[in-house]
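An overview of the molecular structure
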Amino acid sequence: MAVTKAQTRIQIRNILYATDFSPMAEVAASYAAELARRYGAKVFALHVRPLQSYGMAPPESWPALKEASEFQAKEQAAHLEGLFRDVEHQAIIQEGGVWDALSSEIDERKIDLAVMGTHGREGIGKLLLGSVAESVLRRASCPVLMIGPHVDVDPERATQMKRILFATDFSDVSHAAAPYAISLAQENQAHLDMLHVFENRKVGELVDTPELTQGTIDRMRGLLPPEAQLWCEPAFLVEAGHAAEQVLKTARERKADAIVIGVKRLEGNWAASDRVPWHTAHKIIVGASCPVLTVRG
């Protein structure tokens, strides 16, 4: 069984903070700043403005409209400067398509982690995070810390990550996420809860079988370096039911300050088809009262 290497500390040197200046984006800024302090990272704070179009305005008004737009961009940049004044950062105001700009920045700046807030809302038969959040969640090449609509609007919570919940299904993407959960726990001197959910069983069915439970716990324990078990005081939890519901229930009961999960990276024009299913990750992000870190395999 693969054991996470203890000597391999997760390196986060460059953080991309994406904002539309919504309330959830402002909450996300606190987490981006605190992570930058913890890891000694630089924050690239990005706001993407739509391409300026003066529509039916008479040509003689264009200079004034352009001046007003430039003034607003300077104010937005100044606001970003204020959010990250105590960490190394760079404020970036761009115009154009949001995902195109985000993707370009992730590649150009060699981003190790993206941080953003999302409103989240439920539709008929499906769950929506918003088109930008969907694009980042499904297509970004780096891990993404999502701040959902139910995260406490309390900047102090970003500096008090005392319990990390890592949900694993023992897939390759879960193995990729394990070092991030361990690193977050280490950087914050936090407790680490490790959870596996048997999705194909009813609550209480078979999970109480000693052999099954112990075997699952042993697999989770095998993801931890031996020395990590000394300082993160891990708890190994086995549940049955719907994965998202059990993760959210466990996070509430254990008072988790962050949830870490592995997700598959989707390629291609997924947005062109309404047949693409939404994932367990979406439900967790929208329902969680703490940030959710998604890591790709």
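Residues numbered from 1 in each chain as written. Predicted model: local features only at pLDDT ≥ 70, side-chain atom pairs only at ≥ 80, totals over all residues. Heavy atoms only, no water.

1. Things to note about the sheet that holds strand β8 (residues 163–167)
Within a sheet, neighbouring strands are paired by backbone hydrogen bonds and run either parallel or antiparallel to one another. The 10 strands are arranged β3-β2-β1-β4-β7-β12-β11-β8-β9-β10 in an open sheet whose pairing can be described as mixed. In this open sheet, the two strands that pair with only one neighbour each are β3 (89–95) and β10 (235–240). Strand-to-strand twist in this sheet, taken as the mean axis angle between neighbours without regard to direction, amounts to 20°. Note: strand β1 (residues 14–18) against strand β2 (residues 42–49), 5 bridges, orientation parallel. Each bridged residue has a counterpart across the sheet, and for Ala18 the counterpart in β2 is Leu46. (Pairing = 2+ DSSP bridges. Helix = DSSP H or I, 4+ residues; strand = E, 2+ residues; numbered from the N terminus. Axes fitted to C-alpha atoms, helices over the stretch in contact; angles between N-to-C directions.)

2. Side note on unusual backbone geometry
For Lys110, which is not glycine, the phi torsion reads 55° and is therefore positive. Among the structural elements, Lys110 can be located in the loop between α3 (98–108) and β4 (113–117). Residue class for Lys110 comes out exposed when judged on its relative accessible area of 62%. One non-glycine residue with positive phi stands out, namely Glu233, at about 45°. With respect to the secondary-structure elements, Glu233 resides in the loop between α7 (228–231) and β10. (Buried < 20%, exposed > 50% of the residue type's maximum accessible area, 1.4 Å probe, protein only.)

3. So, the packing of aromatic side chains
Tallied over the entire structure, the rule returns 1 aromatic pair. Taken together, a centroid distance of 5.2 Å and an interplanar angle of 65° make the contact between Tyr17 and Phe84 edge-to-face. One end of the pair, Tyr17, is in strand β1; the other, Phe84, is in the loop between α2 (62–83) and β3, and 67 residues separate them in sequence. For Tyr17, a relative accessible area of 0% corresponds to the buried category. Classification of Phe84 as buried rests on a relative accessible area of 0%. When the ring centre of Phe170 is taken as reference, the NZ or CZ atom of Arg219 above it lies at 4.0 Å. (Phe/Tyr/Trp six-rings, centres within 6.5 Å; stacked < 30°, edge-to-face > 60°. Lys NZ or Arg CZ within 6 Å of the ring centre and 35° of its normal.)

4. With respect to the pattern of salt bridges
Summed over all chains, the structure comprises 8 salt bridges. For Arg37, the salt bridge identified is with Glu34, shortest N-O distance 3.1 Å. Of this pair, Arg37 and Glu34 both sit in helix α1 (residues 23–39), 3 residues apart, which is roughly one turn of that helix. Residue Arg37 is classed as partly exposed on the basis of its relative accessible area, which comes to 40%. Of the residues examined, Glu34 reaches a relative accessible area of 8% and is grouped as buried. Across the pair Asp86 and Arg37 runs a salt bridge, and its minimum N-O distance is 2.7 Å. Here the residue Asp86 occupies a position in the loop between α2 and β3, and Arg37 occupies one in helix α1, the gap between them amounting to 49 residues. (Salt bridge = Lys/Arg side-chain N within 4 Å of Asp/Glu carboxyl O.)

5. Quick notes on the packing of α1 against helix α5 (residues 172–188)
At a minimum axis separation of 10 Å, α1 and α5 run at an interaxial angle of 80°. With respect to α5, the axis of α1 lies roughly perpendicular. Packed against α1, whose contacting residues are Leu35, Arg38 and Tyr39, the element α5 presents Ser183, Leu184, Glu187 and Asn188 at the interface. For the contact of α1 with α5, a count of residues per class yields 3 nonpolar, 2 polar and 2 charged. (Parallel < 35°, antiparallel > 145°, perpendicular 65-115°, else oblique. Contact = heavy atoms within 4.5 Å. Nonpolar A, V, L, I, M, F, W, Y, C, P; charged D, E, K, R; others polar.)

Worth remembering: the numbers are spatial, not functional.
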